[in-house]
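Residue-level listing of the chains:
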Amino acid sequence: MLVVENLRKSFGGVSAMNGVSLNFEEGSLTAVIGPNGAGKTTFFNLVTGAFRPDSGRILLAGDDIAGLSPPEVVRRGVGRAFQIASVFPSLTVREAILGAVNAHRNWYARLVRRFPLRQAEPDADEVMELVKLDSRANTLSGNLSHGDQKLLDIALALALQPRVLLLDEPTAGMGTEERWQMIDTVHQLWQRKKMTLIFIEHDMDIVFKYAQSIRVLSYGTVLAEGQPDEVRRNPKVIEAYLGARYEGQPA
Amino acid sequence: MQRASVRRDLVVAAATLGILLALPLMFPGKSFSDFVIRLSAFAIFATSLNLLVGYAGLVSFGHGLFYGLGAYTFALSMQKLGTSIPVGFALTVVLSAAVAAVVGAICVRLKEIYFSFLTLAFQMLLHSIIIAWTPVTGGDQGLTGGLPRPPFLGIRLDDPQHLYVFCCVTLVVSLFLMWHLVQSPFGYTLRMIRDNPRRAAFLGIKVWRARLMVFIVAGIFGGIGGALMSLFVSSAYPDFAYWTISGEAVFMILLGGISVFFGPLVGAITLLLLNDVVTRVTDHYSLVLGIIILMFALGMRKGLLGLLVSLWKKRKDAATVKAAAAAGGD
């Protein structure tokens, strides 16, 4: 579904992405891990058009999307949620999601009808139910708890019916229990929507429990990739990132 | 969320217009009708600026560009081209839109402060042109000799009563159209862009295009405000394009409230009243105005109408809580 080939990007001479080639199968659930500064978020930024790669190809279902602007990439079916929840503080949850549905259907510049458009409502309600925010529908986004803002951020991306969904640390800044709830919600919506889901995660318990496969980045290169078991035993990964803790633990 | 109904708003607009037209029966003096006519120009102008500032998060310091442009376009088209009044307004709309498209295309991609200052620079450019191009614009004297106001469709704008009705209709129609815009899907897109342009872009919204669109709409209504004023004073002056006119619109928004659609209207009423009252009492109008603005900036950020709305919401919330407590009080 998503293939990147020999992706390179440097910022002022510092190489952030140094010839990365990765392949994400259609409908897969993949974790991207690696130490801080490994290039995980840069990778997301390159795929979604926030940065233009210096060289390399980004193929979405066979089409090269490298160099397109974020709105153009979104239109081709790549949704994204951010490490720090990115929402619209003065809109209610429902208004924001309806706005995202309008954006997806290209109704966002309509002037004739009043907001909310009736045709947008079923989609918005479905998305709210998927992320379990229906009880917060009329709460201002800015007044939501941190965890709910993260959910809303994901909901906004889901409203775009993405083929590929990129989640940058969905559990960042949460307590243990909240983390498991969050990843559970993410896992459920992946199962229901059958999309290609790629998430960045630092909690290895979560990664090894949920990810079908793992990509390890380090200093802008691919250190390892494969099934959780292979990655866990890979000596390079242990040395660079995991440390001794996960070595030889049973699956 | 209650679905806003166009039909209900049309009824409200028609009723408001009816009241406005009936008011001179209660206040027959010329000073009242002059007040409403000046108000129509400023309220349209300030509300159009608030489309940018309040709804799209585009803080323009140079919105007076369109006020001045509208005033001169209309006045020159009446005086030099000898067009009819509808053609004069049509030219105003077309030229305002065209200039807004060019200025907007240059400005809306810029970051906040650069946007603000570049819009101001364009306004001062127009002001300089007006001052320098004396043969056409009359330079710093403004246009002399008055505007011809040929009758059209039985409307004679040299008759004060007809002018009053015309300005009231223009005011209500303009505010209704802008109200409709902010209630449309596009209006909510603007709010999204104001809150978080980056997120909006990652939802597939072409941010700069939406900003350009609202900039053009605001420019058109800014121009209409200027045209009404030139119709009222039967001339056009370089002051209409000076930066202070943008400042006045900003004060009106500040006074009435940035976060409420009718804030600028309330602000325009307040500022014009202040102007009339204070100048009667003292020569130090600017000083009084400065103190009032300072008070608002420090203590009443929401503005008059904004404050009322938030108080009313609080009461309603309290009532809801009370009702819920009573319902669940077993």
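About the thresholds
- Residues numbered from 1 in each chain as written.
- Chains lettered and ligands numbered in written order.
- Predicted model: local features only at pLDDT ≥ 70, side-chain atom pairs only at ≥ 80, totals over all residues.
- Helix = DSSP H or I, 4+ residues; strand = E, 2+ residues; numbered from the N terminus.
- Rg over C-alpha atoms; globule rule 2.2 N^0.38 Å.
- Buried ≥ 20, exposed ≤ 12 C-beta atoms within 10 Å, placed from the backbone.
- Contact = placed C-beta atoms within 7 Å.
- Pairing = 2+ DSSP bridges.
- Axes fitted to C-alpha atoms, helices over the stretch in contact; angles between N-to-C directions.
- Nonpolar A, V, L, I, M, F, W, Y, C, P; charged D, E, K, R; others polar.
- Expected span 1.5 Å × (residues − 1).

**Considerations on the overall build of chain A**
Now for step 1: What chain A contains, in helices and strands, is 9 helices and 10 strands.
Now for step 2: Taken over C-alpha atoms, the radius of gyration comes to 18 Å for chain A, in line with the 18 Å a tight globule of 251 residues would show.
Now for step 3: Along the longest, intermediate and shortest principal axes, the C-alpha atoms of chain A span 60 × 40 × 30 Å.
Now for step 4: Counting every position in chain A, which comprises 251 residues, the buried fraction comes to 45%.
Now for step 5: Sequence separation of at least 24 residues holds for 66% of the intrachain contacts in chain A that already meet a minimum separation of 6.

**What to know about the sheet that holds strand 1 (residues 2-11) of chain A**
Strands in a sheet are paired, the pairing made by backbone hydrogen bonds, and the direction either parallel or antiparallel.
Residue and element names in this part refer to chain A.
Now for step 1: On the basis of which strands lie adjacent, the open sheet formed by 4 strands has the order 2-1-4-5 and antiparallel pairing. At either end of the open sheet lies a strand with only one pairing partner, and these are strand 2 (14-24) and strand 5 (63-64).
Now for step 2: The pairing of strand 1 with strand 4 (residues 55-60) spans 5 bridges and is classified as antiparallel. When the sheet's bridge partners are listed, Glu 5 is paired in strand 4 with Arg 57.
Now for step 3: In this fold helix 1 (residues 40-47) packs onto strand 1, strand 2 and strand 4, with an angle of close to 70° to the strand it touches most, strand 2.

**What to know about the sheet that holds strand 3 (residues 29-33) of chain A**
All names here are of chain A.
Now for step 1: Strand order in the open sheet made by the 6 strands is 6-7-8-3-9-10, with mixed pairing throughout. Each edge of the open sheet is held by one strand with a lone partner, namely strand 6 (78-81) and strand 10 (221-226). Strand after strand, the sheet turns through a mean of 20° between neighbouring axes, direction not considered.
Now for step 2: As paired strands, strand 3 and strand 9 (residues 213-218) are joined by 4 bridges and run parallel to one another. Bridged to Ile 33 within strand 9 is Val 216.
Now for step 3: Its contacts with the sheet place helix 9 (residues 235-242) against strand 3, strand 9 and strand 10, and it is angled at close to 120° to strand 10.

**Quick notes on the pairing of strand 7 (residues 164-168) of chain A**
All names here are of chain A.
Now for step 1: Most of strand 7 is tucked away: 5 of the 5 residues are buried.
Now for step 2: Every second residue of strand 7 is oriented toward a common face, with Val 164, Leu 166 and Asp 168 on one face and Leu 165 and Leu 167 on the other, all of them buried.
Now for step 3: Examined bridge by bridge, strand 6 and strand 7 share 4 bridges and lie parallel to one another. Note on strand 7: the bridge partner recorded for Arg 80 is Leu 166.
Now for step 4: Sheet topology note: the strand 7/strand 8 (residues 196-200) ladder contains 5 bridges and is parallel.

**Topic: the interface of chain B and chain A**
Now for step 1: Residue-level contacts link 26 residues of chain B with 32 residues of chain A.
Now for step 2: If you list the elements that add at least two residues to the side of chain B that touches chain A, you get helix 7 (160-183), helix 8 (185-195), helix 9 (197-201) and helix 10 (207-233) of chain B.
Now for step 3: It is helix 8 of chain B that contributes the most residues to the side of chain B that touches chain A, 8 residues altogether.
Now for step 4: In terms of residue class, the side of chain B that touches chain A is made up of 14 nonpolar, 6 polar and 6 charged.

**Overview of the environment of B:Gly187**
Now for step 1: Residue placement: B:Gly187 occurs in helix 8.
Now for step 2: Remark: the alpha-carbon pair of B:Gly187 and B:Val214, spanning 27 residues in sequence, is separated by 9.1 Å.
Now for step 3: If we skip the residues at most four places from it in the chain, B:Gly187 touches A:Phe115, B:Tyr55, B:Leu181 and B:Val182.

**Let's talk about helix 12 (residues 263-281) of chain B**
Now for step 1: For helix 12 of chain B, built from 19 residues, the straight-helix expectation of 27 Å at 1.5 Å per residue is met to within 8% by its first-to-last C-alpha distance of 27 Å.
Now for step 2: Among the residues of helix 12 of chain B, B:Gly263, B:Pro264, B:Leu265, B:Val266, B:Gly267, B:Ala268 and B:Leu271 are the ones counted as buried.

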